Amino acid sequence: MINTILIDDDYPVLKSIEKRLQQIDGLNVLQTFTDIAAALAFLRSYGKIDLIFCDIEMPDLNGVEAAPLLTPYCQRFVFLTGHREYALEAFGVRADGYLLKPVDKKDVLKEMAELEREPNSVATDALMSHCLVIKNKGNKEQQLIAIADIICIKAYGHYVNLFCRGNREPILHRDTLDNMELFLKRFGGFLRTHRSYIVAVNAIIKIEEMSVVYLTDGVKANISRRYSAQVKEWLHNLQTK
């Protein structure tokens, strides 16, 4: 049995797709969601599943932006779209395919067959699940950044600046610091020090008067009163190991 979830902000369309999928033998629709946050909350509790169908055009966080958050929880990630031109964008992130609406049973069966032929995809999934897909302002080019290379993340309006090992200049990424904090929790090793900063703990060189943290590659981050308690807790845990 292949376990799947559906994500589409258009509720009537969502229910229509669910009804079609429920008629396919071997496919089990666990849940349906109209927003990314609810789907993520479910996956964190349930664990990894076989297949996720996700709409591209959604408010707040769209399917393309959500893909890096969702793909670690599935073996195969497939976009749903009413527009064929979104196919190239779908393959710009870690997506395995796309289905045009209204969803055709034959297309779903094809995705299921591909899933069953992917026993050797574990290594690729492991690699991709430890990377971040970077999107620039123009949203035309994308690159992968290894999570292990991130030193510090700084809020920058509706974007964030990523300070990475070996990069002289920060890398601009279209996301919020709160979303980044949520994304990085699954990896561990990151600490929120300020409303505008997240740092990699293995990059910390020293902490000065609980106000500034010095990191590798000459990077610095502020520590605010609000987050000083968790910085102190991290230090305490480090000293008692």
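In the block above lies the structure referred to throughout.
As the structure is a computational prediction, the values presented were derived from the model and not from experiment. (Residues numbered from 1 in each chain as written. Predicted model: local features only at pLDDT ≥ 70, side-chain atom pairs only at ≥ 80, totals over all residues. Heavy atoms only, no water.)

**Details of the overall build of the protein chain**
Put simply, the test is: Helix and strand assignments follow DSSP, with helices taken as H or I runs no shorter than four residues and strands as E runs no shorter than two, numbered in order from the N terminus. We call two residues in contact whenever any of their non-hydrogen atoms come within 4.5 Å of each other. Here, Shrake-Rupley sampling with a 1.4 Å probe gives the accessible areas, and only protein chains in the shown set may cover a residue.
Counting its secondary structure elements, the protein chain contains 8 helices and 15 strands. Within the protein chain, counting contacts between residues at least 6 apart in sequence, those at least 24 apart form 52% of the total. Summed over its atoms, the accessible surface of the protein chain is roughly 12900 Å², and 48% of this surface lies on carbon and sulfur atoms.

**Brief notes about helix 1 (residues 11–22)**
Counted only if it meets this: The span expected for a helix works out to 1.5 Å for each residue beyond the first. Relative accessibility thresholds used throughout: buried, under 20% of the residue-type maximum; exposed, over 50%; partly exposed, between the two (1.4 Å probe, protein chains only). An arc is given here, and it is the one of the directions from the helix axis to the C-beta atoms.
With 12 residues, helix 1 should cover 16 Å at 1.5 Å per step; its first-to-last C-alpha distance of 16 Å lies within 8% of that length. Those residues of helix 1 that fall on the buried side of the exposure criterion are L14, I17, E18 and L21. For helix 1, the angular spread of the buried residues around the axis is 105 degrees, confining them to a single face. Turned more than 90 degrees off the buried face of helix 1, the exposed positions are P12 and K19.

**A few points about the pairing of strand 12 (residues 197–200)**
Note the following rule: DSSP-based pairing: two strands are paired if at least 2 bridges between them are found.
Across the two faces of strand 12 the burial is the same, with Y197 and V199 and I198 and A200 all buried. Where strand 8 (residues 150–156) meets strand 12, 3 bridges bridge the pair, whose relative direction is antiparallel. What sits directly across from K154, in strand 12, is Y197. For strand 11 (residues 190–194) and strand 12, the ladder comprises 4 bridges, and the chain directions are antiparallel. Its bridge partner being in strand 12, R192 is matched across the sheet by I198. In sequence, strand 11 turns back onto strand 12 through a hairpin of 2 residues.

**Side note on the sheet that holds strand 11**
Definition in use: Fitting a line to C-alpha atoms yields each axis, with helices limited to the stretch in contact; the angle taken between N-to-C directions then spans 0 to 180 degrees.
The strand order 10-9-8-12-11 describes an open sheet built from 5 strands, whose pairing is antiparallel. At either margin of the open sheet sits one strand with a lone partner, and together these are strand 10 (171–173) and strand 11. Averaged over all neighbouring strand pairs, the angle between strand axes comes to 25 degrees, with direction disregarded.

**Side note on the nonpolar core**
Cut-off, in case you're wondering: In this description, a nonpolar core means a group of buried Ala, Val, Leu, Ile, Met, Phe, Trp, Tyr and Cys residues linked to one another through side-chain atoms lying within 4.5 Å.
Grouped together as the largest cluster of nonpolar side chains are 38 residues, with contacts concentrated most on I7, I52 and L70. L70 has contacts with I7, I36, L40, L43, I52, C54 and F77, leaving out every residue within four places of it along the chain.

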